[in-house]
Amino acid sequence: RAFRDLARWLGPVAIIVALTLPLMPFTDRYILDVSILVLTYIMLGWGLNIVVGLAGLLDLGYVAFYAVGAYSYALLSLNFDWSFWVCLPLAGLFAASFGILLGFPVLRLRGDYLAIVTLGFGEMIRVILINWYKLTNGPNGLSGVPRPSFFGLPFSASAPADGGATFSSFFNIAYSSSHRVIFLYYLILILALLTNLFTLRIRRLPIGRAWEGLREDEIACRSLGINPTNTKLTAFAIGAMFGGFAGSFFATRQGFVSPESFTFIESAIILAIVVLGGLGSQMGVVIAAIVLIGGPELVRQLEDFRMLAFGGLMVLIMIWRPRGLLAFREPTIRLRPRRSAGAPSAESAQGG
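Residues numbered from 1 in each chain as written. Predicted model: local features only at pLDDT ≥ 70, side-chain atom pairs only at ≥ 80, totals over all residues. Heavy atoms only, no water.

A. Spatial organisation of the overall build of the chain. A count of helices and strands for the chain gives 15 helices and two strands. Buried positions account for 45% of the 352 residues belonging to the chain. Across the chain, the fraction of contacts at a sequence separation of at least 24, relative to all contacts at a separation of at least 6, is 74%. Entry remark: accessible area of the chain is about 18600 Å², with carbon and sulfur atoms responsible for 65%. (Helix = DSSP H or I, 4+ residues; strand = E, 2+ residues; numbered from the N terminus. Buried < 20%, exposed > 50% of the residue type's maximum accessible area, 1.4 Å probe, protein only. Contact = heavy atoms within 4.5 Å. Areas by Shrake-Rupley, 256 points an atom, 1.4 Å probe, with all protein chains shown as cover.)

Here you go:
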């Protein structure tokens, strides 16, 4: 409850800090790279939070949608020479389609059984990426994935073959390799903020309230006329769509994708961010991502002990806050008693 009062100004302050981070004098390439990584996991956490936090569907194969988005962008850009801005919505659409395909077999499953099926789905996607050599190049992955441009202006030192302008020449500034990194930082920041805005808006709509009702009691949802089938499918599809967006950004940032980047441990990390942050809590996902992703990066010099530090952080959080960092959530709708037209108010009654 104390955090609820602080959240009124903590959110805007966090956004201002995020917007001005590349302009800070202490910000270097390493800090930007870690910030991009943290923001990517924040976006993935917010996407999975729709499925797990709001709808209450335990998904252990969320990395599959992440992989579908990454490979969709890589294949479309390499084979058809389409830009990032054209491939981005298509990657989200393909990932949402796979979310619907996953949703159909698990409509009657709950709890551990649902987790097992989603885990198997994630492993199926990874095995397909490894064995479909003609399309995905197998375990070798796809290299040379095009990088995004600033409205057609590439972040290169020399002019392109067609004689067009580059980002530095168009704005008449000295070329720097940090320009592309700063652009990628703001790109993932905008994508993450849009994901958060969408989630905050949709949870107040009837479909969002149906997700939360499904999480609390599926039988009660049926008695109220809510269709659990459509409710589950929309949760899987929308959550998968944001995973596809994040995967598309991952592919264009790395310039290379391979099945090794989409193992079960990635799904476990994303799920840990959602659970440890507090189911359904948007700000909790941010704090958990900073702790679980940014924390081990700060102790990277420990090398072999870095994952030990990661596990230690998770154990400490579960001991300190077993229900998540921010278990308290504001109600979606507040119900107030309706006063009849002829009933006197409390002030008038006291005055009489």
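B. Highlighting the pattern of salt bridges. Summed over all chains, the structure comprises six salt bridges. In this structure, R29 engages D33 in a salt bridge whose closest nitrogen and oxygen atoms are separated by 3.4 Å. Residue R29 and its partner D33 are located together in helix α2 (residues 29–54), separated by four residues, close to a single helical turn. For R29, a relative accessible area of 42% corresponds to the partly exposed category. Exposure remark for D33: the relative accessible area of 25% places this residue in the partly exposed category. In this structure, the salt-bridge partner of E218 is R222, at a minimum N-O distance of 3.4 Å. Taken as a pair, E218 and R222 lie in helix α10 (residues 218–223) at a separation of four residues, close to a single helical turn. If you follow the salt bridges from partner to partner, you end up with E218, R222 and K232 in one network. (Salt bridge = Lys/Arg side-chain N within 4 Å of Asp/Glu carboxyl O.)

C. Molecular detail of the confidence of the model for the chain. On average, the chain scores 82 in pLDDT, and the residues at 70 or more come to 84%. When mean pLDDT is taken per element in the chain, helix α3 (residues 63–80) scores highest with 92 and helix α15 (residues 346–351) scores lowest with 46. Confidence over residues 346–352 falls short of pLDDT 50; this stretch has zero contacts with residues more than four positions distant or in other chains. (pLDDT = per-residue confidence, 0-100.)

D. Quick peek at a nonpolar patch on the surface. On the surface, a nonpolar cluster with roughly 280 Å² of combined accessible area is contributed by W9, V13 and V17. In this fold, V13 is placed in helix α1 (residues 2–20). (Patch = residues over 30% accessible without salt bridge, like charges linked within 9 Å, V, L, I, M, F, W, Y side chains within 5 Å.)

E. Representation of the environment of T136 within the structure. Within the element layout of this structure, T136 appears in helix α6 (residues 133–136). With 122 residues separating them in the primary sequence, T136 and S258 have C-alpha atoms 8.4 Å apart. Excluding residues within four positions of it along the chain, T136 makes contact with Y71, I128, L129, G141 and L142. Among the polar contacts made by the side chain of T136, one reaches the main-chain carbonyl oxygen of L129 at a distance of 2.6 Å. (Polar contact = N/O pair within 3.5 Å; in protein donor to acceptor, adjacent residues only side chain to side chain.)

F. Highlighting the nonpolar core. The biggest cluster of nonpolar side chains holds 86 residues, and the ones touching the most others in it are L48, Y185, W211, V257, F262 and I273. Elements with a minimum of two residues in this core: α2, α3, α4 (84–103), α5 (111–131), α8 (178–202), α11 (228–254), α12 (264–277) and α13 (282–298). In terms of residue count, the dominant contributor to this core is α2 (15 residues). The residues touching W211, leaving out its near neighbours within four places in the chain, are I50, L54, A55, I202, T231, T234, A235 and I238. (Core = buried A, V, L, I, M, F, W, Y, C linked by side-chain atoms within 4.5 Å.)

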